[in-house]
Amino acid sequence: MGFSVSLRAILGHRRMATSKEMTAGPALPLILKFTLPLLLGNLLQQTYSLVDAAIVGKFLGINALASVGASTSVVFLILGFCNGCCGGFGIPVAQKFGARDYSTMRSYISVSLKLSVVMSVTIAIVTSILCADILQMMRTPENIFEGAYAYLLVTFIGVPFTFFYNLLSSIIRALGDSKTPFWFLLLSTVLNIVLDLFCILVLGWGVAGAAIATVISQGLSAVLCYIYMYRKFDILQSTPKERRFQSKLAKTLLYIGVPMGLQFSITAIGSIMLQSANNALGVAAFTSAMRIKMFFICTFESLGIAMATYSGQNYGAGKPERIWLGIKASVLMMIIYTAFTFVLLMSGAKYFALIFVDPSETEILLDTELFLHISCMFFPVLGLLCVLRYTIQGVGFTNLAMFSGVAEMIARILVSLYAVPAFGFLAVCYGDPLAWIAADLFLVPAFIYVYKRLKKQVLTNASVTQAVA
């Protein structure tokens, strides 16, 4: 009864679904209001991730927790590509929405859905076939190989569900609505945790049960999101002509989406190299530390996604000066947040680690605390990275943003090849911070270049308009 009531509340009345332009008004409150539902959604995901790891670690043991951890970077490699593509597909939608070209916007949405069917099914098939080979290349320890394989295989099979949920959420966010995806994510997270407990504790499916719970909950979210989007957003009601596949629009979507996906994958390759180097040292501490770190850094990701939509809409509206205002507002919010997390993690990292492991595992607890202390000192660098990268992507320069991922990858590979053998786990702790620094060294001049291009483009368009008049 409660479940059906909550569904009716989410699906609601047709007029409840409204789009929102961010092309006028003060930048800071607009971005903050848009970011909060994204942040809550990300926190929900990370809360589930923490609960998932806690259930696995507490009820199935350290080896099971390590099995999930051994799969983390590979999951990021594949799902990162999918999520990046979905975010990229939403950029032309945001740009056309900002320009109020709603017919082309609807055509972009239709083409993106067709592309997603082909891409997600292909990725699911290929990765499922190569699953064991990937784990072997990562030098996954034998005692956790079986669990890691089961977890990874189920995750790969569920790629289409993940792809479509993220695509539909990206489209809805492009219309300025970040609240609706949050409600579906809330439903998904609650269901995920319930199924997690049921599959692991009742059915006894082990780490595979955790992956199955995630796939089922994401599939349900994708279906509900699709139904809601087309039934409740009047602006998305399309004509048969707008629903036709257009190769020109498909090329534009792929030109923006694929580099954005590759940027995530390239970043993940460096993470895989770092995790492979760490596998020889022991996986449990790395797994618990990464789960906690991801919980705290999702704020930067949320702020970045908000800037992608904000900058995309203002780019479409021909207002580059508002993009710079958005940068300043986002950096201010980021600095305030990093100060808070620094105090919290420096004083409480060891207590967070106890979520995953027993107090008797003193070495794992100390390593987790060390990892988090080093990471939080470099959070401002990561915050700037997210703001600049997503802004550059939002205005369509996804190829340029991709090179920042290359810089991250190179830094992580160098750390894994040369620093980890010499300094052990301490070098692993510095792997991500050094990658963030390398990315920022590229992104700062890249943004300056892009912003100058945008201002020049606006001046050129104004001159042409005056000449025609």
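Residues numbered from 1 in each chain as written. Predicted model: local features only at pLDDT ≥ 70, side-chain atom pairs only at ≥ 80, totals over all residues. Heavy atoms only, no water.

A. Region of interest: the pattern of salt bridges. The full count for this structure, using the stated rule, is five salt bridges. Between Glu-242 and Arg-106 there is a salt bridge; the shortest N-O distance is 2.9 Å. Here Arg-106 lies in helix α4 (residues 102-129) and Glu-242 lies in the loop between α9 (206-232) and α10 (247-279), a separation of 136 residues in the sequence. On the basis of relative accessible area, Glu-242 is assigned to the buried category, the value being 7%. Asp-432 serves as the salt-bridge partner of Arg-412, at 2.8 Å between the closest nitrogen and oxygen. Remark: Asp-432 occurs in helix α16 (residues 425-468) and Arg-412 occurs in helix α15 (residues 398-423); sequence separation between them is 20 residues. Accessibility assignment for this pair places Arg-412 and Asp-432 in one class, buried. Salt bridges sharing partners connect three or more residues here, namely Lys-293, Arg-389, Glu-408, Arg-412 and Asp-432. (Salt bridge = Lys/Arg side-chain N within 4 Å of Asp/Glu carboxyl O. Helix = DSSP H or I, 4+ residues; strand = E, 2+ residues; numbered from the N terminus. Buried < 20%, exposed > 50% of the residue type's maximum accessible area, 1.4 Å probe, protein only.)

B. Up close: helix α7 (residues 159-174). Compared with an ideal rise of 1.5 Å per residue, which puts 16 residues at 22 Å, α7 spans 22 Å between its outermost C-alpha atoms and is within 8% of the ideal. Here α7 lies mainly inside the structure; 13 of its 16 residues are buried. Positive backbone phi, approximately 90°, marks Gly-176, located one or two places after α7. (Expected span 1.5 Å × (residues − 1).)

C. Expanded view of the confidence of the model for the chain. For the chain, the mean per-residue pLDDT works out to 80, and 82% of the residues sit at or above 70. The least confident element of the chain is helix α1 (residues 2-11), whose mean pLDDT is 41; the most confident is helix α14 (residues 379-394), at 92. Across residues 1-17 the pLDDT falls below 50, and counting only partners more than four positions away or on other chains, this stretch makes 20 contacts in the model. (pLDDT = per-residue confidence, 0-100. Contact = heavy atoms within 4.5 Å.)

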